[in-house]
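Secondary and tertiary structure notes
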Amino acid sequence: MRAIRGACWTVGLLLALTTSTAQGATDPDPIAPEPPPTPTIARSWPVGTRPLVLRAWEPPPTPYARGHRGVDLAATTGAPVRAVAPGRVHFAGRVAGRGVVSVELTGTGTPPLRTTYEPVTPAVRKGAEVRAGEVVGTVETGGSHCTTTCVHWGLLRGNTYLDPLTLLPPWLVHRGPSRLLPVQGVPLPT
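As the structure is a prediction and not an experimental result, all values here were calculated from the model. (Residues numbered from 1 in each chain as written. Predicted model: local features only at pLDDT ≥ 70, side-chain atom pairs only at ≥ 80, totals over all residues. Heavy atoms only, no water.)

1. What to know about the overall build of the protein
Rules: Here a helix means four or more residues in a row that DSSP labels H or I, a strand means two or more in a row labelled E, and each is numbered from the N terminus. Three labels apply to residues, based on accessible area from a 1.4 Å probe with only protein chains included: buried if under 20% of the type maximum, exposed if over 50%, partly exposed otherwise in between. The contact rule is simple, with two residues in contact once any of their heavy atoms fall within 4.5 Å. Accessible surface area values rest on a Shrake-Rupley calculation with a 1.4 Å probe, where residue burial reflects the displayed protein chains alone.
A count of helices and strands for the protein gives two helices and 11 strands. Ordered by position from the N terminus, the helices and strands of the protein form the series α-β-β-β-β-β-β-β-β-β-β-β-α. Counting every position in the protein, which comprises 190 residues, the buried fraction comes to 31%. A sequence separation of at least 24 residues applies to 62% of the contacts in the protein between residues at least 6 apart. About 12500 Å² of surface is accessible on the protein, with carbon and sulfur atoms providing 61% of the total.

2. Remarks on the sheet that holds strand β7 (residues 120-122)
Cut-off, in case you're wondering: Pairing between two strands requires that DSSP report at least two bridges joining them. Each axis is a line fitted through C-alpha atoms, taken for helices only over the stretch in contact, and angles between the N-to-C directions span 0 to 180 degrees.
Pairing within the open sheet is antiparallel, and its three strands lie in the order β3-β9-β7. Each having just a single partner strand, β3 (80-82) and β7 make up the two edges of the open sheet. On average, each strand axis in the sheet is inclined to that of its neighbour by 40°, with strand direction left out of account. The sheet contact formed by β3 and strand β9 (residues 135-139) spans three bridges and is antiparallel. Bridge pairing links arginine 82 to valine 135 in β9.

3. What to know about the environment of valine 100
Structurally, the position occupied by valine 100 is in strand β5 (residues 98-105). Among the residues examined, valine 100 registers a relative accessible area of 9% and is labelled buried. Expressed as a C-alpha distance, the spacing of valine 100 and proline 122, which sit 22 residues apart in the sequence, is 7.0 Å. Among residues more than four places away in sequence, those in contact with valine 100 are Phe91, Ala92, Gly93, Val95, Tyr117, Glu118, Val120 and Pro122.

4. Quick look at the packing of aromatic side chains
Let me state the cut-off plainly: We call Phe, Tyr and Trp rings a pair once their centres come within 6.5 Å, taking the six-membered ring for Trp, and we label the pair stacked below 30 degrees between planes, edge-to-face above 60, and tilted otherwise. Here, a charge over a ring is recorded when the distance from Lys NZ or Arg CZ to the ring centre is within 6 Å and its angle to the ring normal is within 35 degrees.
According to the stated counting rule, one finds one aromatic pair in the structure shown. Seen from the ring of tyrosine 161, arginine 69 lies directly overhead, with NZ or CZ sitting 5.9 Å from the centre.

5. What to know about the state of the cysteines
Note the cut-off: Disulfides are defined as cysteine sulfur pairs within 2.5 Å.
Within the structure shown, the criterion is met by one disulfide. A sulfur-sulfur distance of 2.0 Å marks the disulfide that ties cysteine 146 to cysteine 150. A torsion of 75° about the S-S bond marks the disulfide between cysteine 146 and cysteine 150 as right-handed. Cysteine 146 gets classed as buried once you look at its relative accessible area, which sits at 18%.

6. What to know about the confidence of the model for the protein
Heads up, the rule is: Per residue, pLDDT measures the predictor's confidence, with a range of 0 to 100.
For the protein, the mean per-residue pLDDT works out to 81, and 72% of the residues sit at or above 70. Summarising per-element confidence for the protein, the mean pLDDT is lowest in helix α1 (residues 2-26) (43) and highest in strand β8 (residues 129-130) (98). Contacts for the low-pLDDT stretch residues 5-29, under 50 throughout, to residues beyond four places or in other chains number zero contacts.

7. Some remarks on unusual backbone geometry
Omega for the bond connecting threonine 110 with proline 111 falls within 30 degrees of zero, at -10°, which places this linkage in the cis form. The step from glutamate 118 to proline 119 runs through a cis peptide bond, and the omega angle for that step is -10°. Note that proline 119 resides in the loop between β6 (113-118) and β7. One non-glycine residue, alanine 96, adopts positive backbone phi at about 55°. Within the secondary structure, alanine 96 sits in the loop between β4 (87-95) and β5.

8. Some points on the pattern of salt bridges
Operational definition: Salt bridge, as applied in this entry: a Lys or Arg side-chain nitrogen positioned within 4 Å of an Asp or Glu carboxyl oxygen.
All chains considered together, the criterion is met by five salt bridges. Two residues, arginine 98 and glutamate 118, come together in a salt bridge whose shortest N-O distance is 3.2 Å. Within this pair, whereas arginine 98 is found in strand β5, its partner glutamate 118 is found in strand β6, the two being separated by 20 residues in sequence. Among the residues examined, arginine 98 registers a relative accessible area of 26% and is labelled partly exposed. By relative accessible area, glutamate 118 is classed as buried at 18%.

Below you can see the structure in the form of structure tokens.
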């Protein structure tokens, strides 16, 4: 009899726990508002005309986990680094021994988007207004996590890292090599 009463008590407890857990699971959780989409506002790359992407964006599974919070673009030392869109310089200086420039992009919502470029020698000061294509710095020697000279290009909205390639229109990201078409009616050189 005691065994039956004990088993009934255990089943009753499990049923109560399961019911309360299931009811808690059906309660709607407050959902954080969806961040605004990244606008396709860039019309050129920050370095070169079509730089090689040495390492792509690899978002971490959690805010503090490993990942790659930007893209690495092949570049040569001393090459100009340009703002990909208009904005205001948020930061220009050194962080952990590397030159960094950060630009808060105009008209990109709240909080605004911010691009970062490193390692660069800044050519601008904090607070300066920059136009799309304006030089914000030059590529520094060393100080990079790449095996060759590169620029790490990042994109943030608040404290959330995003893929900076989403600023570029698809035709610019996925454009293949230029092809020359045959010319009709023009004699070939001899």
